[in-house]
Amino acid sequence: MPTHSDQRLRPVDLADAAIDDDFWTPRIETVRETTVDFVYDRLVESGRIENFRVAAGEVDGEFQGRFYNDSDVYKWLEGACYFLETGDDPELRERVDELVELIAAAQEDDGYLNTYFQLVEPDKKWTNLGVLHELYCAGHLFEAAIAHHEATGEETLLTVATDFADHVDRRFGPDGHDGVPGHEEIELALVRLYRVTDEERYLDLAEYFVERRGAEDSRLKYEAFHPDEIAGDPYDHVVVDGEYDGRYFQDHAPLRDQETVEGHAVRAMYLYTGAADVALERGDEDLVDALEGLWENMTERRMYVTGGIGSSHEGERFTEDYDLPTDTSYAETCAALGSVLWNQRLLQLTRDARYGDLQSRTLYNALLAGLSLDGTRFFYANPHEMGPDGHPLHGVDPNRFANERQGWFQTACCPTNVPRLIASLATHVYASDGSSVYVNHHVGSEATVDVADTSVAIDQDTSFPWDAETRLTVTPERPATFELALRVPEWCEDVSVTVAGEPVDASPGEYLQVEREWTAGDEVVFEAAFPVRFLTSHPSVRSTAGAVAVQRGPIVYCLEEQDSPRPLHQVRLDRDRGVSVEHDPDLLDGVTALDLDARVPDMTSWDDGRLYREDSEADATATTVRAIPYYGWANRDAGAMRLWIDAESR
């Protein structure tokens, strides 16, 4: 089947874009200067890198940690290479070179590479596709290899990746055995590898993994009922009352027939991203329709207001429509990252601004909440409410369910995932198809784009996310006619745009598309209002009944106990919703805070000692409570937090 035309919308390469933004640049620098080294040290301390030395025969020893630990090394390496591509760092380059050499030394002659199986169960490779993450780890290796090749121009790790991909293709390709990954990710990685190498077999294999999911004769189902034949431990989550329930693996039906987002949220996001990549390359509109239907189910019934997804810690999964508890919300940081990737692909496929809107919501809230401001602490799960006594699931896992971020986890996917996304953020800002330039996000930056047979420089200066003012300066090498499309976020009001001094119409929730002859120095000036919005949830969401969430621009706000005159459960937002907006440069590295009019009980009226009394409005007194961006909570003292705030009815 022929590939899609060259008019596909593609992200601008990292080498051709650079972020210079008041909000994002300090965070990128923190990750570069602190988080990268911090995470590497944890990889060393936990034995993850040592596993490769043992597999390479450099030292004696046993495998350490969990069977998917290789993936954390690859994710760190990918993020480090993005930083090498955007700036010189001799010490980081030396560390990367040493790690690449070590990974290459650990690879077997037939291309296979997975330190768990090489050191623990060498005779049972490819027998437990559902649980043991062989294909998942391979996918992250492929992505690291591509990043390394693009950053350095070298092919050492890319050769490791293609040798392993060829091994996988021999095992699962046209003449191989049946099977799909229990933890998806290799699908999107194979498409990326195809784009770099032009090897069609890799795209074919990605398509095979997508299309075989949910097959009647599922290999994952077979493994679930034949535990004696597989490596590692038996399956969890998928055998219920003696019946196979493939929803955990998104294996309950062919992807094209799935109508609801199901199962493990991170796996689902990687599957949908890989499927979108396949659809983009194959021009498969039916597959796009299926993915858009799943997106609508997720966003309309199974997603938190922050963009977080996966409501249950049991199975780290989606559950059912409107089941969105606040105090036990799982909303894994890695799931937020996966959602950002999926929405990027949907935007490429459809050019629909709603996918950029959700990317922004997720980036500024669900993803950023997972990383501390100093870059050394992480949330794995992200609650949307924290009581004064801590997390209600603290006894289940004190590390994962805490009222403050942790320095590391036995399963360290989140600490290694966040840096690679932040390091490559520039690839999400701009996209082009050769005749159009899309500005997907209001992020201060510079980019060079080849469009309309000329090179065009774009300089973006913005006050987002605190205020809605953006100025784009467009400088083609020569006058050229092309379309420039600027996303107008759906949370804007009173939008005003001029192009080269002339006003143009623009609507929130859409792209402003301007086709004209552009000359050097032409400016697009965007201005709008960010109203404070008080959001209510669908009546079927039990945990948020009688409460509101507060949003301004893309930022969702919360209350922390240190900013409230009373315990948070006593605060009721005033029915008139009075609010003042103040930017505080000293709070949480500089944030725009909201001072909300509220009412709290008049405690003197309870001095008579009664436990119950008739409700009376006079028993409340007016006060003000400060709301901060949700991403910033738990960066001061650990304590109570509420995102959904009880409110008086209007």
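Preceding block: the structure.
These remarks concern the structure in this document. (Residues numbered from 1 in each chain as written. Predicted model: local features only at pLDDT ≥ 70, side-chain atom pairs only at ≥ 80, totals over all residues. Heavy atoms only, no water.)

**Observations regarding the sheet that holds strand β10 (residues 469–476)**
Strand order in the open sheet made by the 7 strands is β2-β8-β9-β10-β15-β12-β13, with antiparallel pairing throughout. Where the open sheet ends on each side, the last strands, each with one partner, are β2 (17–19) and β13 (502–504). Sheet twist, expressed as the mean angle between neighbouring strand axes with direction ignored, is 20°. The sheet contact formed by strand β12 (residues 493–499) and β13 spans 3 bridges and is antiparallel. Bridge pairing in β13 places V497 opposite V504. (Pairing = 2+ DSSP bridges. Helix = DSSP H or I, 4+ residues; strand = E, 2+ residues; numbered from the N terminus. Axes fitted to C-alpha atoms, helices over the stretch in contact; angles between N-to-C directions.)

**Topic: the nonpolar core**
What tends to happen in soluble globular proteins is that the nonpolar side chains get buried as a cluster. If you look at the biggest cluster of nonpolar residues, it comprises 215 residues, and the most contacted ones within it are W24, W76, L77, I103, F142, Y272 and M298. Considering every element that reaches this core, the biggest residue donor is helix α11 (residues 265–282), with 11 residues. For W76, the residues in contact, after removing those within four places along its chain, are V36, V39, Y40, L43, L92, R95, V96, L99 and T416. Within the second largest apolar cluster, 5 residues are counted, among which are Y304, Y322, A331 and V541. (Core = buried A, V, L, I, M, F, W, Y, C linked by side-chain atoms within 4.5 Å. Buried < 20%, exposed > 50% of the residue type's maximum accessible area, 1.4 Å probe, protein only. Contact = heavy atoms within 4.5 Å.)

**Description of the packing of helix α9 (residues 200–211) against α11**
At a minimum axis separation of 10 Å, α9 and α11 run at an interaxial angle of 125°. In this view, α9 runs oblique relative to α11, as classed from their interaxial angle. In this structure, the crossing between α9 and α11 has a hand that is left-handed. Together, E200, L203, D204, A206, E207 and V210 of α9 and G274, A275, V278, E281 and R282 of α11 make up the contact between the two elements. Residues that form the contact of α9 with α11 fall into these classes: 5 nonpolar, 1 polar and 5 charged. (Parallel < 35°, antiparallel > 145°, perpendicular 65-115°, else oblique. Left-handed = near helix turned anticlockwise from the far one by under 90°. Nonpolar A, V, L, I, M, F, W, Y, C, P; charged D, E, K, R; others polar.)

**Details of the pattern of salt bridges**
Oppositely charged side chains can form a pair if their charged atoms are brought close together. Applying the stated criterion to the full structure yields 59 salt bridges. Close ionic contact of K75 with D72 constitutes a salt bridge, the shortest N to O distance being 3.7 Å. Of the two residues, K75 and D72 both sit in helix α3 (residues 69–86), 3 residues apart, roughly one turn of that helix. Overall, K75 belongs to the buried group, its relative accessible area being 1%. (Salt bridge = Lys/Arg side-chain N within 4 Å of Asp/Glu carboxyl O.)

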